[in-house]
Amino acid sequence: MAEYIKRHVARALTIAGSDSGGGAGIQADLKTFQELGAYGMSALTAITAQNTLGVQGVYPLAKEAVKEQIHSVGSDIGVDALKTGMLFSAEIIEEVAEAIAYFGWSKVVVDPVMIAKGGASLLQADAVRSLTKKLLPLTMIVTPNIPEAEYLTGMAIRNKADKLEAAKKLFSFGTRYVLIKGGHEAGDEAVDLLFEGSGYTELSGKRIDTSRTHGTGCTYSAALTAGLAQGLGIVEAVQQAKAYIQAAIEDGIIIGSGHGPTNHWA
Ligand code: PLP
């Protein structure tokens, strides 16, 4: 049977929180990795009790548990690209940054998860400084939505010039690329801005009028991570991820009585 085993599979790791409802977090990431043909691994940072109505409980794990999971997969299976999602606290962020530096991983996608759509806090206020000072210098690409970019930079984003200014500020923290997602803007198109240090690329997608957007950010950054693990260049990986999230929002399924998840069977 050995000849049937695929030996060169892209390995993708997500360091994030669990969403018991299966729409966001680790669950969305692993589903996305699988759909895009990457082998998925996970290091849990926190467990949330959650459904389509919102977040009912948040239970962070000990920082030692986060470190050990990352070292277990890193020392044996290996990681071609990784993403971070809900990191919750400064001490978990510091542990994650140390592990990334220890293994020398460079394809690092940081989705700066802060507040769930229902308002629950997924990142403690004092952890933001650790994110910008400790994690962003080790990051390949950070993927904030507009509210997250505003919070991280302390500036209001009202137009394209503001978006570019915010991207430059985030770039100055040490990340190699910045992707500011336009899903929260008004208009017929959701325009994402990929800032590459000297220049930028815009990616536009038709806005879809739906409330089934739970897990959008997680799914987008997981698709990007899968592409990078598979060896795509940054622009191609972002384009593939944008197409994937567009399809996932269009395909969003009707479950539960609140905000249903994005979902896509590739
Ligand atoms: N719960 C977890 C564990 C997450 O990682 C995320 C990701 O951003 C969310 C909830 C947020 O989900 P929503 O897309 O509804 O804001």
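Residues numbered from 1 in each chain as written. Predicted model: local features only at pLDDT ≥ 70, side-chain atom pairs only at ≥ 80, totals over all residues.

(A) Seen up close, the sheet that holds strand 8 (residues 189-195). As summarised here, the arrangement of the nine strands in space is 3-2-1-4-5-6-7-8-9, forming an open sheet in which the pairing is mixed. Looking at the sheet topology across the chains shown, the edges are occupied by strand 3 (54-60) and strand 9 (200-206). The pairing of strand 8 with strand 9 spans seven bridges and is antiparallel. Across the sheet, residue Ala190 finds its bridge partner in strand 9, namely Gly205. (Pairing = 2+ DSSP bridges. Helix = DSSP H or I, 4+ residues; strand = E, 2+ residues; numbered from the N terminus.)

(B) Quick look at the site of the ligand. Every one of the 18 residues lining the ligand counts as a neighbour, but Gly17, Ala24, Gly25, Met86 and Lys117 are closest to it. Class assignment of the residues belonging to the shell around the ligand gives a composition of seven nonpolar, nine polar and two charged. (Near = placed C-beta within 6 Å. Nonpolar A, V, L, I, M, F, W, Y, C, P; charged D, E, K, R; others polar.)

(C) Representation of the packing of helix 7 (residues 216-229) against helix 8 (residues 234-250) within the structure. Packing of helix 7 against helix 8 brings their axes to within 8 Å, and their N-to-C directions diverge by 145°. The two elements helix 7 and helix 8 meet at a crossing, and its hand is right-handed. Of the residues in helix 8, those touching helix 7 at Thr216, Thr219, Tyr220, Ala223, Leu224, Gly227 and Leu228 are Glu236, Ala237, Val238, Gln240, Ala241, Tyr244, Ile245, Ala248 and Ile249. Looking at the contact of helix 7 with helix 8 residue by residue, the classes come out as 11 nonpolar, four polar and one charged. (Axes fitted to C-alpha atoms, helices over the stretch in contact; angles between N-to-C directions. Left-handed = near helix turned anticlockwise from the far one by under 90°. Contact = placed C-beta atoms within 7 Å.)

(D) Examining helix 5 (residues 146-153) more closely. For helix 5, the complete set of buried residues consists of Glu148, Ala149, Leu152 and Thr153. Viewed end-on, helix 5 has its buried residues packed into an arc of 115°, placing them on one side of the element. A positive phi of about 75° marks Gly154, the residue just after helix 5. (Buried ≥ 20, exposed ≤ 12 C-beta atoms within 10 Å, placed from the backbone. Arc of directions from axis to C-beta.)

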